[in-house]
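# Coordinate analysis (summary)
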There are 2 protein chains.
Amino acid sequence: MTAAGAKIRVGSFSISLDGFGAGPGQDLQNPLGVRGPELMEWFVSTRAWRRMQGESGGETGVDNGMAERGFEDVGAWILGRNMFGPVRGPWPDHSWRGWWGEEPPYHTPVFVLTHHARPPLPMAGGTEFRFVTDGIESALRQARDAAGGRDVRIGGGVATIRQYLRARLIDDLHLALRPVLMGSGEHLWRDIDLRALGYECVETVAGERATHVILRRRA
Amino acid sequence: MTAAGAKIRVGSFSISLDGFGAGPGQDLQNPLGVRGPELMEWFVSTRAWRRMQGESGGETGVDNGMAERGFEDVGAWILGRNMFGPVRGPWPDHSWRGWWGEEPPYHTPVFVLTHHARPPLPMAGGTEFRFVTDGIESALRQARDAAGGRDVRIGGGVATIRQYLRARLIDDLHLALRPVLMGSGEHLWRDIDLRALGYECVETVAGERATHVILRRRA
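So, a few notes on the structure that sits alongside this text.

## Remarks on empty space enclosed by the protein
According to the stated counting rule, one finds 1 cavity of 30 Å³ or more in the structure shown. When its volume is computed, the largest cavity comes out at roughly 30 Å³. Considered class by class, the residues forming the lining of the largest cavity number 4 nonpolar, 4 polar and 2 charged.

Dropping the structure here:
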């Protein structure tokens, strides 16, 4: 926990009925894996998503309300490197600047987990990518400091969330359970005993294209 | 598929958010495993459940509607041996007559999978337990014949459903997804790629105490 009730949380993270957070065969053409976009269908219809893309319109129902909740009071983000981009290994140069163009939708510091150092990358609109090479706890410490009393949101991907779950460092998770079967891919909680780690489901909300569940770690 | 549109189906089968159909440590005191009753809480409140117990009353909302659907047009049941009772190994005698008293709630032939032969056991109200020692396909063949054009319902437990899933012998599954984390126990679909087996989610219904999902195998 950060000071004054600020939380470490996951928001709007989509999983299939059978628990996969990404499909199989991730690559540049399929950043969410083959069939991964099926997981996102609830989100791309919402006003929240369209705003992230700098567009107007979008649906304003239950799914949108849950998505918007996820952006409230977030002071810093943490992303795994694959969420930042498709480049693997040492950075060949600094030309990759994220998936989101010159004004990414974060508007806060974003700590990117990587094994390869790189200078901070300030972007338009208040986003600054900062590259952390000394592990998840260091990234979280830096994110808390940067968040200034607001929440830290862990954006994913699956491997990053799994690491933070196992370390019992996440307070709240909002998962959007999509009515699809993925069959294979990256599983969010396989071999992780969420109950033993202290998590319980505190809320379930039926949305238009997903069932939203809130998991919370008991104090 | 049986003739004339009759189906092989699973109904009202409860699983946790993390996919467990029974808790850990099943024994005579805990036939559903420790914490297993948390999976059943949506069901025991319903009128359908109370009728099964020979009682009146019970809730008549969405959860009850889904439970009642599961009993419609069922001509035969299949149960794993542990669903029939706690006796393991050869039958010491024929004194165990099921968990349900003299008038079980099935009112049809019920085929019990076991490695140990035993004569058929007719009960009050039309239920007859028939013990099948030559495997799941034989049990299904016998159940289809007995069902006379109505559906065959596979009652569980988890291991039995997993066997029939892997053999692609189930047409429809109605799962009641409970907003609880089990953490460990018997997992319904771990290491089973439901998508590769041809299943898809065709319906999601928010109930009072569970989210109901219908999985169907594509023809």
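Next comes the rest of the account.
## Focus: the pairing of strand 3 (residues 74-80) of chain B
All names here are of chain B. Counting buried residues in strand 3 gives 7 out of 7 residues, a clear majority hidden from the surface. As paired elements, strand 3 and strand 7 (residues 151-156) share 5 bridges and run parallel to each other. Its bridge partner being in strand 7, Ile-78 is matched across the sheet by Ile-154. Both strand 3 and strand 4 (residues 109-113) contribute to a ladder of 4 bridges, which runs parallel. Its bridge partner being in strand 4, Ile-78 is matched across the sheet by Phe-111.

## Overview of the packing of aromatic side chains
All names here are of chain B. Taken as a whole, this structure holds 24 aromatic pairs over all chains when the rule is applied. Each ring, one from Trp-42 and one from Phe-43, has its centre 5.0 Å from the other, and the planes form 25 degrees; the classification is stacked. Considered together, Trp-42 and Phe-43 belong to a single accessibility category, that of buried residues. Aromatic pair Trp-100 and Tyr-106: ring centres 5.1 Å apart, planes at 85 degrees, arrangement edge-to-face. Since its relative accessible area comes to 23%, Trp-100 is described here as partly exposed.

The rules we used
Residues numbered from 1 in each chain as written. Chains lettered and ligands numbered in written order. Predicted model: local features only at pLDDT ≥ 70, side-chain atom pairs only at ≥ 80, totals over all residues. Heavy atoms only, no water. 1 Å grid on protein atoms, 1.4 Å probe; cavity = no way out; pocket = protein on both sides within 12 Å on 5 of 7 lines; lining within 4 Å. Points joined across faces, edges and corners; volume = space filled by probe spheres on them. Nonpolar A, V, L, I, M, F, W, Y, C, P; charged D, E, K, R; others polar. Buried < 20%, exposed > 50% of the residue type's maximum accessible area, 1.4 Å probe, protein only. Helix = DSSP H or I, 4+ residues; strand = E, 2+ residues; numbered from the N terminus. Pairing = 2+ DSSP bridges. Phe/Tyr/Trp six-rings, centres within 6.5 Å; stacked < 30°, edge-to-face > 60°.

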